[in-house]
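Structural description and commentary
Single-letter residue listing:
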Amino acid sequence: MGTVGRDEREEALRRVVVGVTGTPGNLAALHRAAAEARVRGAELLAVLAWQSPGGELGSRHGLGPSVLAHCRTAAVERLRETLDTAFGAVKPGVTLSGLTVRGTPGAALVDVACDTEDLLVVGTGSRALARRLIRPSVARHCLAHAACPVLVVPPSPLQAELESVHRRNMWRVPLDLRELIP
């Protein structure tokens, strides 16, 4: 068996799977996934994972089918809104499809991107200590468990500035006008 060259390996990547959360910070990963799909001539599959209220434990204890159907409908709508926000009237230039999956984000993405020829794109998410303690890292889960290459995209520098402004407003720290002058 011969060796596979770089061009042949990239040619084999036919699907770019991207985790979608609907947050502004996730737009960087979505746009990077679209760019990767264009370069590879691949399909772009945006995946939004959702869970029932209370997680799996909550669904075992009395949530009826109507509540689960409502949660799924809300997830589909959030996926549509996210894709509209990300691309608007300007389409990504590749075949784009969306998928909502019931489950935790990391496990859902690893299950969907199960082919070794896929490329899985995820954002790093929040780097705030409190959030990292409450929610496990989706990016780390994907890196540890995916059968395909994983591309982890850091948040946009503008997102970090926005979070800084939110923290400043939360603590009511006055703005120093010297910070605005370059």
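Just so we're clear, the structure is a prediction, and the values are computed from it rather than from any experiment.

Remarks on a nonpolar patch on the surface
A grouping of M170, W171 and V173 is seen on the molecular surface, where their side chains present a nonpolar patch of about 380 Å² in accessible area. Here M170 shows up in helix α8 (residues 157-170). A relative accessible area of 56% means that M170 is categorised as exposed.

Quick notes on the packing of helix α5 (residues 105-112) against helix α7 (residues 138-145)
Running from N to C, α5 and α7 point in directions that differ by 35 degrees, and their axes come no closer than 8 Å. Classified by chirality, the crossing of α7 by α5 is right-handed. Contacts between α5 and α7 involve P105, G106, A107, L109 and V110 from the former and V138, H141, C142 and H145 from the latter. Along the lines of polarity and charge, the residues of the contact of α5 with α7 split into six nonpolar, three polar and no charged.

A look at α8
Residues that lie three or four places apart on an α-helix share one face, since the helix turns once every 3.6 residues. With 14 residues, α8 extends 20 Å between its outermost C-alpha atoms, agreeing within 8% with the 20 Å of an ideal straight helix rising 1.5 Å per residue. Looking one or two places after α8, you find R172, whose phi comes out positive at around 55 degrees.

Focus: the side chain of E36
If you trace the backbone, E36 turns up in helix α2 (residues 27-40). Ignoring any residue separated from it by four or fewer positions in sequence, one finds E36 in contact with V16, L119 and L151.

Some words on the packing of α2 against helix α4 (residues 65-87)
Viewed as axis vectors pointing N to C, α2 and α4 meet at an angle of 70 degrees, and their least axial separation amounts to 10 Å. Our classification of the angle between α2 and α4 gives roughly perpendicular. Counting all contacts with α2, which are made through L27, L30, H31 and A34, the residues of α4 involved are T82, L83, T85, A86 and F87. Among the residues making up the contact of α2 with α4, the classes are represented as six nonpolar, three polar and no charged.

Overview of α2
Helix length check: α2, at 14 residues, gives a terminal C-alpha distance of 20 Å against a target of 20 Å (1.5 Å per residue), a fit within 8%. For α2, the full list of buried residues reads A29, L30, A33, A34, E36, A37 and R40. All buried residues of α2 fall inside an arc of 165 degrees around its axis, so they share one side. Just beyond α2, the residue with positive phi is G41, at close to 65 degrees.

Quick word on the pattern of salt bridges
Enumeration according to the criterion identifies four salt bridges in this entry. In this structure, R40 and E36 form a salt bridge, with 2.1 Å as the shortest nitrogen-oxygen distance. Here R40 and its partner E36 are both found in helix α2, four residues apart, which amounts to about one turn of the helix. Judged by its relative accessible area of 16%, R40 is buried. Bridged by salt links that share partners, the residues R32, E36 and R40 form one connected network.

Notes on the sheet that holds strand β5 (residues 150-153)
Across the sheet, five strands lie side by side as β3-β2-β1-β4-β5; this open sheet has parallel pairing. Edge positions in the open sheet fall to β3 (96-102) and β5, since each of these has one partner strand only. Each strand axis lies, on average, 25 degrees off the axis of its neighbour in the sheet, ignoring direction.

Cut-offs and rules
Residues numbered from 1 in each chain as written. Predicted model: local features only at pLDDT ≥ 70, side-chain atom pairs only at ≥ 80, totals over all residues. Heavy atoms only, no water. Patch = residues over 30% accessible without salt bridge, like charges linked within 9 Å, V, L, I, M, F, W, Y side chains within 5 Å. Areas by Shrake-Rupley, 256 points an atom, 1.4 Å probe, with all protein chains shown as cover. Salt bridge = Lys/Arg side-chain N within 4 Å of Asp/Glu carboxyl O. Helix = DSSP H or I, 4+ residues; strand = E, 2+ residues; numbered from the N terminus. Buried < 20%, exposed > 50% of the residue type's maximum accessible area, 1.4 Å probe, protein only. Axes fitted to C-alpha atoms, helices over the stretch in contact; angles between N-to-C directions. Left-handed = near helix turned anticlockwise from the far one by under 90°. Contact = heavy atoms within 4.5 Å. Nonpolar A, V, L, I, M, F, W, Y, C, P; charged D, E, K, R; others polar. Expected span 1.5 Å × (residues − 1). Parallel < 35°, antiparallel > 145°, perpendicular 65-115°, else oblique. Arc of directions from axis to C-beta. Pairing = 2+ DSSP bridges.

These values are about where atoms sit, not about what they do.
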